[in-house]
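Close look at the chain arrangement
One-letter residues, chain by chain:
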Amino acid sequence: LSNEGILSEIDNGPQWLSETIIVRSSSHLEDSAESSLAGHFTSVPGVKGSGATESAITTVRESLQPVDENDLIFFQPFLSDALRSGVVFTRDPSTGSPYYIINYDAKTGSTDSVTSGSGSGLETAVISKYCDRVDLDWQQALVDLCEELERLFDNDSLHIEFAFDESEKLYLFQVRPLV
């Protein structure tokens, strides 16, 4: 579809053009069991209105090289002022050991300080998969989400992007196989 066609489609759905969104890529090259290009393609956060959305679509589309008919551009509500955000691996990415490794930012309110590599003062939590219960409620909620996704994808080695808002509501941004 052209940018205008995409705008027409999303304008007929939920209030996408009147809400602040993030425009993201979903390349066929990004997330496979053999390779990952996580972060390689452009995402445009904080987009609002048809002009800004059209510009963001163009930016994301231009980053999807080489072009493939299976590539997608998708829209998500944009979460500003996150209480906590980051990445959780459902296996230690270095050793494959059975731990949930949570790398997170609980200071800046940003949702991409971990994934962009721009964060400072990031924190890490390591939780054994053999642990019955985690002490912190937010970590238990995240472990519960990990377990659910492991079952749904029949894969115990996942890379998950998440955030919590100020009311401790958990948001799943993206999940991919851990390569």
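The present account deals with the structure reproduced in this document. The model shown is predicted, which means the values in this text are computed figures rather than measured ones.

1. What to know about the pattern of salt bridges
Summed over all chains, the structure comprises 6 salt bridges. Here R91 ties to D156 by a salt bridge, and the two come within 2.7 Å at their closest N and O atoms. In this pair, R91 sits in the loop between β4 (84-89) and β5 (99-105) while D156 sits in the loop between α3 (137-153) and β7 (158-164), placing the two residues 65 residues apart along the sequence. A single network of salt bridges, built from pairs that share partners, joins R24, E161 and R176.

2. Observations concerning α3
Between its terminal C-alpha atoms α3 stretches 24 Å, which fits the 24 Å expected from 17 residues at 1.5 Å a residue. Taken residue by residue, α3 has W138, Q139, Q140, L142, V143, L145, C146, L149 and E150 as its buried positions. D154 sits one or two residues past α3 and shows a positive phi near 50 degrees.

3. A closer look at the sheet that holds strand β8 (residues 170-177)
Think of a sheet as strands paired side by side through backbone hydrogen bonds, with each pair either parallel or antiparallel. Reading across from one edge, β6-β5-β4-β7-β8 is the order of the 5 strands in this open sheet, with antiparallel pairing throughout. Strand pairing shows two members of the sheet lacking a second neighbour, β6 (123-128) and β8, which therefore form its edges. Neighbour-to-neighbour, the strand axes of this sheet turn through a mean angle of 20 degrees, independent of strand direction. Strand direction decides the pairing type here: β7 and β8, joined by 7 bridges, are antiparallel. The residue bridging F162 from the neighbouring strand is L172, located in β8.

4. Describing the sheet that holds strand β1 (residues 21-26)
Taken together, 3 strands build an open sheet; the order of strands is β2-β1-β3 and the sheet is antiparallel. At either end of the open sheet lies a strand with only one pairing partner, and these are β2 (44-47) and β3 (72-77). For this sheet the average axis-to-axis angle between neighbouring strands, irrespective of direction, equals 25 degrees. Inspection of the sheet shows β1 paired to β3 by 6 bridges, in the antiparallel sense. Bridge pairing links I21 to P77 in β3.

5. Overview of the pairing of β4
Counting buried residues along β4, 6 of its 6 residues qualify, which places the element largely inside the surrounding structure. Here β4 shows a buried face lined by R84, G86 and V88 and a second buried face lined by S85, V87 and F89. Where β4 lies against β7, 6 bridges are found, and the strand directions are antiparallel. Within the sheet, the bridge partner assigned to S85 lies in β7 and is A163. Where β4 meets β5, 5 bridges bridge the pair, whose relative direction is antiparallel. Paired with V87 across the two strands is N103, which belongs to β5.

Cut-offs applied
Residues numbered from 1 in each chain as written. Predicted model: local features only at pLDDT ≥ 70, side-chain atom pairs only at ≥ 80, totals over all residues. Heavy atoms only, no water. Salt bridge = Lys/Arg side-chain N within 4 Å of Asp/Glu carboxyl O. Helix = DSSP H or I, 4+ residues; strand = E, 2+ residues; numbered from the N terminus. Expected span 1.5 Å × (residues − 1). Buried < 20%, exposed > 50% of the residue type's maximum accessible area, 1.4 Å probe, protein only. Pairing = 2+ DSSP bridges. Axes fitted to C-alpha atoms, helices over the stretch in contact; angles between N-to-C directions.

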